[in-house]
Amino acid sequence: MKSKQDYLKANLKMSFCLSHFQINQNSFIRVFGEETKKDEFEWHMDERKRNVYVVYADENWQFQNDNQIPKKIKTGDAFTIEKEFYHRIIPGVGRAVIYIEEDC
């Protein structure tokens, strides 16, 4: 059986123009690229805890939590963002495809 990551990689190759794809009530995919508006990368917080999976990332994409140094993200990475905690994505070159599951 293919993993969720393999399925998403295979099915997103032709969908890189999408910026947001809702899978169900609590999960979605976000695709970021060099053409993504800068306000998508601003510091923000979310109302729910999120489990984040990096489906695909080109070079130099980073994630930063409040009061921490940025960390490079790469294909296959997974991390959790606590609810109401400031964070941001720092754009790199090319694309980043992120799968997000929110707690109910």
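Residues numbered from 1 in each chain as written. Predicted model: local features only at pLDDT ≥ 70, side-chain atom pairs only at ≥ 80, totals over all residues. Heavy atoms only, no water.

## Observations regarding the pairing of strand E8 (residues 95-102)
Here's step 1: Most of E8 sits out of view: six of its eight residues are buried.
Here's step 2: Pairing analysis gives seven bridges linking strand E2 (residues 27-33) to E8, with the strands arranged antiparallel. Bridge pairing in E8 places Phe28 opposite Ile100.
Here's step 3: One ladder, built from seven bridges, connects strand E3 (residues 50-57) with E8; its direction is antiparallel. The residue of E8 that forms the bridge with Tyr53 is Tyr99. (Buried < 20%, exposed > 50% of the residue type's maximum accessible area, 1.4 Å probe, protein only. Helix = DSSP H or I, 4+ residues; strand = E, 2+ residues; numbered from the N terminus. Pairing = 2+ DSSP bridges.)

## With respect to the side chain of His87
Here's step 1: As for its position among the elements, His87 is in strand E7 (residues 87-90).
Here's step 2: Using a relative accessible area of 4% as the deciding quantity, one classes His87 as buried.
Here's step 3: Side-chain polar atoms of His87 contact the backbone oxygen of Phe85, separated by 2.9 Å.
Here's step 4: Setting aside its immediate chain neighbours within four residues, His87 contacts Glu42, Trp43, His44, Met45, Asp46, Phe63, Gln64, Asn65 and Ile81. (Polar contact = N/O pair within 3.5 Å; in protein donor to acceptor, adjacent residues only side chain to side chain. Contact = heavy atoms within 4.5 Å.)

## Quick word on unusual backbone geometry
Here's step 1: The backbone of Asn60 sits at a positive phi, close to 65°, despite the residue not being glycine.
Here's step 2: In this structure Asn60 comes out as partly exposed when scored by relative accessible area, which is 38%.

## Re the sheet that holds strand E1 (residues 20-24)
Here's step 1: The five strands lie next to each other as E1-E2-E8-E3-E6, forming an open sheet whose pairing is antiparallel. Edge strands, defined here as strands with exactly one partner in the open sheet, are E1 and strand E6 (78-81). The mean angle between the axes of side-by-side strands here comes to 25°, regardless of whether they run parallel or antiparallel. (Axes fitted to C-alpha atoms, helices over the stretch in contact; angles between N-to-C directions.)

## With respect to the pairing of E1
Here's step 1: As defined by bridge partners, E1 adjoins E2 across four bridges and the pair is classed as antiparallel. Within the sheet, the bridge partner assigned to Phe21 lies in E2 and is Ile29.
Here's step 2: Between E1 and E2, which pair antiparallel and follow one another directly, the connecting turn spans two residues.

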